[in-house]
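Chain residues, written in single-letter form:
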Amino acid sequence: MRHFGHIPSATRAGLFHQEPAEFTSDSPASMLAVALGATLYSPATRPRLADDVRKQAARGVVSMVLCLEDSIADADVEAAESNLVRQFADLARDPAGEPAAAAERPSADEPAGPGEPQDVPLLFIRVREPHQITDLVSRLGDDVRMLSGFVLPKFTETRGHAFLEALTAAEKACGRRLFAMPVLESPELLHLETRAETLAGIATTVDKYRDRVLALRLGVTDFCSAYGLRRSPDMTAYDVQLVAHVIADVVNVLGRSDGTGFTITGPVWEYFRLGERMFKPQLRRSPFLEGSAEDLRTALIEHDLDGLLREIELDRANGLLGKTCIHPTHVVPVHALSVVSHEEFSDAQDILRPERGGGGVMRSAYTNKMNEVKPHRAWAERTLLRAEVFGVAKEDVGFVDLLTAGLAG
């Protein structure tokens with residue numbers, strides 16, 4: 001699979017200076033952590049879940065979470081678990097009933113047509129309790145090959161050890177690498193008097209299991225719940241100061257670029273339909289002036305996605321990568337804004353040139369900024385990893401072009 005693999009190859013070639021790389025569930029963890037992109041959540045109770053997964057893959061989704069936790073009622077857990085086992089059996093076979101194989105990809109010599117067939121996305125199950133991990137892996141049998149790992153809710157040092165020990169046991173039982181994605185959402189993390197101790201405990205726990213922790217996810221809805229808050233579609237998570245302070249502290253402790261940090265994903269955006277708007281739209285007209293892009297701007301505003309676009313930009317500015325999504329319309333905006341611009345790519349390459357190893361400062365190739373080698377090195381390394389996974393846009397291609405192509409694909 002690869003990002004933007006669902007759009008025609010000719011369209012992709014016209015957009016990218018460097019096209020997104022292909023990856024599989026067996027790719028290195030460092031690559032997969034960046035490749036998660038917009039992780040789409042779905043309740044595990046959906047009766048046609050396997051079909052839904054295939055449909056979303058065809059629309060460009062590369063990671064999904066099948067949820068047994070807050071998205072379903074307590075009384076439905078047992079039925080949802082059984083449904084998951086059935087749906088994984090379906091996913092493990094192609095529509096004709098044969099064992100599923102890697103998607104065949106068109107060769108470079110074939111004429112451009114529709115987007116490439118996409119493999120099943122990276123699939124994770126969000127459990128409630130540790131025992132569900134070993135139980136589900138046992139029940140899945142050989143179909144566990146379709147599973148990439150588990151999402152661990154309300155993660156703290158105490159709960160985390162039990163979850164990760166269960167994951168280790170499940171790996172040994174099935175002989176397959178399984179990843180964990182802890183969700184940081186507990187009241188202890190939010191409350192000021194317990195935050196530092198809670199963060200230190202989480203840091204110790206995830207460091208012990210570093211090889212299996214793919215990314216850390218933020219449960220901002222639970223943060224807001226602890227104070228009876230809910231942000232409106234006019235507000236980003238960073239406008240809610242209680243939430244913004246927690247995000248900053250999580251990145252401070254767990255998102256460092258010195259080799260101790262982890263990929264931390266952006267919080268969920270809850271809105272996907274038009275509501276009454278109090279403030280002016282947050283999307284400027286200027287990027288949408290060409291062709292019919294003004295219609296796209298109107299559609300984004302009508303679906304409250306202008307706030308999402310702003311929050312994605314703030315996520316990246318604050319050290320987060322990727323995003324939890326609860327609606328398919330959120331996926332393409334997240335991916336479009338994850339593509340590395342030609343200017344970013346040029347700067348990162350300049351900073352990391354071997355002859356720059358001794359440090360120094362130089363004017364950027366775009367002649368609009370200073371590139372200082374030592375302070376900007378970690379940013380450049382992170383940017384080139386994102387460029388490998390999401391690609392590099394051509395010099396004259398902006399996010400509106402990527403958004404339009406992704407939606408049309």
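Before reading further, recall that the structure is shown in the block above.
A quick note: this is a predicted structure, and the numbers were derived from the prediction, not measured.

**A look at the overall build of the protein chain**
Thinking step 1. Looking only at helices and strands, one finds 16 helices and twelve strands in the protein chain.
Thinking step 2. Pairs at least 24 residues apart make up 76% of the contacts formed inside the protein chain by residues separated by at least 6 positions.
Thinking step 3. When the accessible surface of the protein chain is totalled, it reaches about 18,500 Å², and 52% of it is carbon and sulfur.

**Examining the sheet that holds strand 7 (residues 217-218)**
By definition, the strands of a sheet pair up through backbone hydrogen bonds, in either a parallel or an antiparallel sense.
Thinking step 1. The sheet built from eight strands is open, its strands ordered 7-6-5-4-3-2-9-8 with parallel pairing. Across the chains shown, the open sheet's two edge strands, defined by having one partner strand only, are strand 7 and strand 8 (266-269).
Thinking step 2. When strand 3 (residues 63-67) meets strand 4 (residues 122-126), the two strands line up parallel, connected through five bridges. Considered in strand 4, the bridge of Met 64 is made with Leu 123.
Thinking step 3. Sitting on the sheet, helix 4 (residues 77-91) is in contact with strand 3 and strand 4, with an inclination near 175° to strand 4.

**What about the pairing of strand 2 (residues 38-43)?**
Thinking step 1. Counted residue by residue, strand 2 has five buried out of six residues, so it is predominantly covered.
Thinking step 2. Relative to strand 9 (residues 323-325), strand 2 runs parallel, the two sharing three bridges. Bridge pairing links Ala 38 to Lys 323 in strand 9.
Thinking step 3. Following the chain from strand 2 across helix 3 (residues 49-58) to the adjacent parallel strand 3, one finds a crossover that is right-handed.

**Brief notes about the side chain of Glu 344**
Thinking step 1. Turning to its location among the elements, Glu 344 is positioned in helix 14 (residues 342-351).
Thinking step 2. Residue Glu 344 is classed as buried on the basis of its relative accessible area of 16%.
Thinking step 3. At a separation of 2.9 Å, a polar atom in the side chain of Glu 344 contacts the main-chain amide nitrogen of Ser 341.

**Structural notes on the packing of aromatic side chains**
Thinking step 1. Under the criterion given, the structure shown has two aromatic pairs.
Thinking step 2. Plain terms: the ring middles of Trp 269 and Tyr 271 are 6.1 Å apart, the flat faces sit at 65° to each other, and that makes the pair edge-to-face.
Thinking step 3. The exposure class assigned to Trp 269 is buried, which follows from its relative accessible area of 1%.

**Some words on helix 12 (residues 305-317)**
Owing to its 3.6 residues per turn, the α-helix aligns residues three or four sequence positions apart on the same side.
Thinking step 1. With 13 residues, helix 12 ought to run about 18 Å at 1.5 Å a step, and its terminal C-alpha atoms sit 19 Å apart, in line with that.
Thinking step 2. Those residues of helix 12 that fall on the buried side of the exposure criterion are Leu 305, Asp 306, Gly 307, Leu 308, Leu 309, Glu 311, Ile 312, Leu 314 and Asp 315.
Thinking step 3. After helix 12 finishes, the residue Gly 319 shows a positive phi value of roughly 90°.

**With respect to the pattern of salt bridges**
Thinking step 1. Within the structure shown, the criterion is met by 29 salt bridges.
Thinking step 2. Measuring nitrogen to oxygen at the nearest pair gives 3.5 Å for the salt bridge that ties Glu 81 to Arg 139. Here Arg 139 lies in helix 5 (residues 131-140) and Glu 81 lies in helix 4, a separation of 58 residues in the sequence.
Thinking step 3. Classification of Arg 139 as partly exposed rests on a relative accessible area of 33%.
Thinking step 4. Linking Arg 230 and Glu 270 is a salt bridge whose minimum nitrogen-to-oxygen distance equals 2.8 Å. You can see Arg 230 sitting in the loop between helix 9 (220-225) and helix 10 (241-254) and its partner Glu 270 sitting in the loop between strand 8 and helix 11 (293-302), a full 40 residues away along the chain.
Thinking step 5. We classify Arg 230 as exposed; its relative accessible area is 63%.
Thinking step 6. Overall, Glu 270 belongs to the buried group, its relative accessible area being 19%.
Thinking step 7. Here the salt bridges share partners, and the residues they tie into one network are Glu 69, Asp 70, Arg 126, Lys 154, Glu 185 and Asp 222.

**Points about unusual backbone geometry**
Thinking step 1. The phi angle at Lys 154 is positive, at roughly 50°, despite the residue not being glycine.
Thinking step 2. Position of Lys 154 among the secondary structure elements: in the loop between strand 5 (149-152) and helix 6 (157-174).
Thinking step 3. Judged by its relative accessible area of 27%, Lys 154 is partly exposed.
Thinking step 4. Not every positive phi belongs to a glycine, and Thr 367 is a case in point at roughly 55°.
Thinking step 5. For Thr 367, a relative accessible area of 51% puts it in the exposed group.

What counts, and where the lines are drawn
- Residues numbered from 1 in each chain as written.
- Predicted model: local features only at pLDDT ≥ 70, side-chain atom pairs only at ≥ 80, totals over all residues.
- Heavy atoms only, no water.
- Helix = DSSP H or I, 4+ residues; strand = E, 2+ residues; numbered from the N terminus.
- Contact = heavy atoms within 4.5 Å.
- Areas by Shrake-Rupley, 256 points an atom, 1.4 Å probe, with all protein chains shown as cover.
- Pairing = 2+ DSSP bridges.
- Axes fitted to C-alpha atoms, helices over the stretch in contact; angles between N-to-C directions.
- Buried < 20%, exposed > 50% of the residue type's maximum accessible area, 1.4 Å probe, protein only.
- Right-handed = clockwise from strand over helix to strand, strands pointing away.
- Polar contact = N/O pair within 3.5 Å; in protein donor to acceptor, adjacent residues only side chain to side chain.
- Phe/Tyr/Trp six-rings, centres within 6.5 Å; stacked < 30°, edge-to-face > 60°.
- Expected span 1.5 Å × (residues − 1).
- Salt bridge = Lys/Arg side-chain N within 4 Å of Asp/Glu carboxyl O.

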